[in-house]
Amino acid sequence: MSKEQLLQEFAEAYEQLIETASLAAQRGVTQRRDRWGPREIVAHLAGWEVMASVRIPGLLPGCHLRSLPTKHSKTVMNDAINAAMITLMGEQPLETLCGMLRQAYQRNVELLRSLEDKFFQPGEYVYERTKNVIEHCQEHMQQDTDS
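Residues numbered from 1 in each chain as written. Predicted model: local features only at pLDDT ≥ 70, side-chain atom pairs only at ≥ 80, totals over all residues. Heavy atoms only, no water.

1. Here we look at helix α3 (residues 70-89)
Working step 1: The first and last C-alpha atoms of α3 sit 29 Å apart over 20 residues, in line with the 28 Å expected at 1.5 Å per residue.
Working step 2: When α3 is considered as a whole, its buried residues turn out to be Val-76, Ala-80 and Ala-84. Along the axis of α3, the buried residues cluster in a sector spanning 70°; they form a single face. Facing away from the buried surface of α3 by more than 90 degrees, the exposed residues are Thr-70, Lys-71, Lys-74 and Ile-86.
Working step 3: One or two residues past the end of α3 sits Gly-90, with phi positive at roughly 55°. (Helix = DSSP H or I, 4+ residues; strand = E, 2+ residues; numbered from the N terminus. Expected span 1.5 Å × (residues − 1). Buried < 20%, exposed > 50% of the residue type's maximum accessible area, 1.4 Å probe, protein only. Arc of directions from axis to C-beta.)

Structure (structure tokens):
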């Protein structure tokens, strides 16, 4: 298969998915407890595509994922994830986004509370990640006060 054929099939697959999702939504299909609905599927795929739009150029030219330095691959992945989240938030008001953040961090607080104390020692992932999040929030707050 040629490059152009592959790209054409790629585009057609997404167009078919969009049409299918739209028709399903018109029929009233929504997310169920055990299954994503059309919105979730489209958002999921959109997120991966936005991530790829940042990740692929960051990994090229001629760089294989296995050969990437750890710091570079982390930076590229973080940039891709950030681009996806920012794109998908769309034009939602800050109040809505704050509510989403609040709901997400509160869920994580409950999750963290359910973990054994041994995970909250220096050098343990949960401990280090939690500390890093706090520092990262502080960095962003500092940026806000500096601007």
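Additional details are given in the paragraphs that follow.
2. A closer look at the pattern of salt bridges
Two side chains carrying opposite charge are able to pair once their charged atoms lie near each other.
Working step 1: All told, the structure shown has two salt bridges when counted by the stated rule.
Working step 2: Two residues, Glu-110 and Arg-113, come together in a salt bridge whose shortest N-O distance is 2.7 Å. Separated by three residues within a single helix, Glu-110 and Arg-113 lie in helix α4 (residues 94-113), roughly one turn from each other.
Working step 3: A salt bridge links Lys-118 to Glu-116, with the nearest nitrogen and oxygen atoms 3.9 Å apart. (Salt bridge = Lys/Arg side-chain N within 4 Å of Asp/Glu carboxyl O.)

3. Details of the layout of surface pockets
Working step 1: Approximately 2,000 Å³ is the volume attributed to the largest pocket.
Working step 2: Lining the largest pocket we find 35 residues, and of these Asn-82, Met-85, Met-100, Leu-101 and Ala-104 sit closest to its centre.
Working step 3: Breaking the lining of the largest pocket down by element, the ones donating at least two residues are α2 (38-59), α3, α4 and α5 (125-146).
Working step 4: Ranked by the residues each element gives to the lining of the largest pocket, the list is headed by α5, at ten residues.
Working step 5: By residue class, the composition of the lining of the largest pocket is 21 nonpolar, ten polar and four charged. (1 Å grid on protein atoms, 1.4 Å probe; cavity = no way out; pocket = protein on both sides within 12 Å on 5 of 7 lines; lining within 4 Å. Points joined across faces, edges and corners; volume = space filled by probe spheres on them. Nonpolar A, V, L, I, M, F, W, Y, C, P; charged D, E, K, R; others polar.)

4. A few points about the environment of Ala-52
Working step 1: Structurally, Ala-52 is set in helix α2.
Working step 2: Between the alpha carbons of Ala-52 and Ala-84 there is a distance of 9.0 Å; along the sequence they are 32 residues apart.

5. Describing the packing of aromatic side chains
Working step 1: All told, the structure shown has one aromatic pair when counted by the stated rule.
Working step 2: Judged by centre distance (5.2 Å) and plane angle (80°), the rings of Phe-10 and Tyr-14 are edge-to-face. Taken as a pair, Phe-10 and Tyr-14 lie in helix α1 (residues 3-26) at a separation of four residues, close to a single helical turn.
Working step 3: Since its relative accessible area comes to 43%, Phe-10 is described here as partly exposed.
Working step 4: Under the relative-accessibility criterion, Tyr-14 is labelled partly exposed at 22%. (Phe/Tyr/Trp six-rings, centres within 6.5 Å; stacked < 30°, edge-to-face > 60°.)

6. With respect to a negative patch on the surface
Working step 1: A cluster of acidic side chains, namely Glu-124, Glu-128, Glu-135 and Glu-139, defines a negative patch on the protein surface.
Working step 2: Assignment of secondary structure puts Glu-139 in helix α5.
Working step 3: Judged by its relative accessible area of 46%, Glu-139 falls in the partly exposed class. (Patch = residues over 30% accessible without salt bridge, like charges linked within 9 Å, V, L, I, M, F, W, Y side chains within 5 Å. Areas by Shrake-Rupley, 256 points an atom, 1.4 Å probe, with all protein chains shown as cover. Lys, Arg positive; Asp, Glu negative; His and termini not counted. Charge placed at Lys NZ, Arg CZ, Asp CG, Glu CD.)

7. Some thoughts on the environment of Ser-73
Working step 1: By secondary structure assignment, the location of Ser-73 is in helix α3.
Working step 2: Ser-73 gets classed as partly exposed once you look at its relative accessible area, which sits at 23%.
Working step 3: Remark: the alpha-carbon pair of Ser-73 and Arg-55, spanning 18 residues in sequence, is separated by 9.0 Å.

The values reported here are purely geometric and, on their own, carry no functional implication.
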